[in-house]
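Notes for the structure review
One letter stands for each residue in the lines below.
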Amino acid sequence: MDTTQELAAFLRTRRERLDPHDFGLPSRRQSRRTPGLRREEVAELAGVSIDYIVRLEQARGLRPSGDVVEALARALRLTPDERAYLFDLTRQRRRGGEGIASTAAPQLARLVADLSPLPAMLMNHRYDILAWNGAMARLLLDFDTLPPSRRNAMWLCLLHPRISEFYVDRDRVVREGVAHLRAAWAAHPEDQALTDLINEFITHDEEFARLWAERDVKVNGRGHKVMRHPDAGELAVHFEVLMPLQDTDQRLMICRAADDASQSALDRLR
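Residues numbered from 1 in each chain as written. Predicted model: local features only at pLDDT ≥ 70, side-chain atom pairs only at ≥ 80, totals over all residues. Heavy atoms only, no water.

So, the environment of Gly134
Defined as follows: Helical segments are the DSSP runs of H or I of at least four residues, strand segments are the runs of E of at least two, and each set is numbered from the N terminus. Buried means the residue's accessible area, taken with a 1.4 Å probe over protein chains only, is under 20% of the maximum for its type, while exposed means over 50%, and partly exposed covers the values in between.
Within the element layout of this structure, Gly134 appears in helix 7 (residues 134-139). When its relative accessible area of 34% is taken as the criterion, Gly134 is described as partly exposed. Sequence separation between Gly134 and Leu115 is 19 residues, and the spatial gap between their C-alpha atoms is 10.0 Å.

Pasting the structure below:
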């Protein structure tokens, strides 16, 4: 878990996934023995020297400027989430001065309760669950039965015996969760608890380790999940994640039924 090594690996994997034909690059006499663009092609697209790209990909301690990071993001055709990740890895993204949230802000905890009957909960960037209402407890599980160290949405999805089989499209849910944690780690490299959590997942879950090595990056602010509830049967929800301006390390997740049948299932739970 070293940002210099991660920057090198991330740049290599993003370069190797690109198709030279998409860039209209001139054909080369020698055949391509590796996938993607060559280093000299990325250097040309980004307006930097080949040696600079080599040193970056060899983790030789360079600290690119904001302009160079922007040029690399354009050259590698990064998605908005990948671009933010690159800026975080190179320490070029501006952030507020807020610390890491380990407890729910009282006003937000009251808001979570007031959102009933909509299932809602409050998390930090690690996916630690800081507050929840009764509707969310009935939808997922009673978080009070878990020790505080296990009140983590990613840990539940990967390692809790009930929740690990809860999602119909579990592969997608896990993949998106891994991509979120990668973005969170780049934004909070000083957070040792997050690093320890990721290392625990890599050590104890082969699926997480495989997905982590793929280096996908995505911050998922809204989406759709289908669940197999032991009491209510199969139901689908849309979720939205909101970030308060005052407490930017706290994320409010609100769920709503995706269809009439799912609304009836939620009503039965209530």
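Some points on helix 9 (residues 170-187)
Condition: For a helix, the expected span equals 1.5 Å multiplied by the residue count minus one.
The first and last C-alpha atoms of helix 9 sit 26 Å apart over 18 residues, in line with the 26 Å expected at 1.5 Å per residue. Burial of helix 9 is extensive: 15 of the 18 residues sit out of reach of the surface.

Overview of the pairing of strand 4 (residues 233-242)
Spelled out, the test is: Two strands make a pair as long as DSSP finds a minimum of two bridges between them.
Pairing of strand 3 (residues 222-229) with strand 4, which is carried by eight bridges, proceeds in the antiparallel orientation. Directly across from His229, in strand 4, lies its bridge partner Gly233. Linking two consecutive strands that pair antiparallel, namely strand 3 and strand 4, is a turn of three residues.

Some details on the packing of helix 2 (residues 39-46) against helix 3 (residues 50-57)
Which entries qualify depends on this criterion: In this analysis an axis means a line fitted to C-alpha atoms, helices contributing only their contacting stretch, and an angle means the value between N-to-C directions, from 0 to 180 degrees. Note: crossing handedness is left-handed where the near helix turns anticlockwise from the far helix by less than a right angle, and right-handed where it turns clockwise. Contact definition: two residues touch when any of their heavy atoms are within 4.5 Å.
Following both chains from N to C, one finds helix 2 and helix 3 inclined at 115°, their axes separated by 8 Å at the closest point. As helix 2 packs across helix 3, the resulting crossing turns out to be right-handed. Across from Arg39, Glu40, Val42 and Ala43 in helix 2, the residues of helix 3 making contact are Ile50, Ile53, Val54 and Glu57.

As for the nonpolar core
Defined as follows: The set of buried Ala, Val, Leu, Ile, Met, Phe, Trp, Tyr and Cys residues whose side-chain atoms join them within 4.5 Å is what this entry labels a nonpolar core.
One finds Leu86, Leu140, Phe143, Met154 and Phe208 to be the most contacted residues of the largest nonpolar core, which totals 70 residues. A per-element tally of this core places helix 9 first, with eight residues. Excluding its chain neighbours within four sequence positions, the residues that come into contact with Met154 are Tyr127, Val174, Gly177, Val178, Leu181, Phe201 and Phe208.

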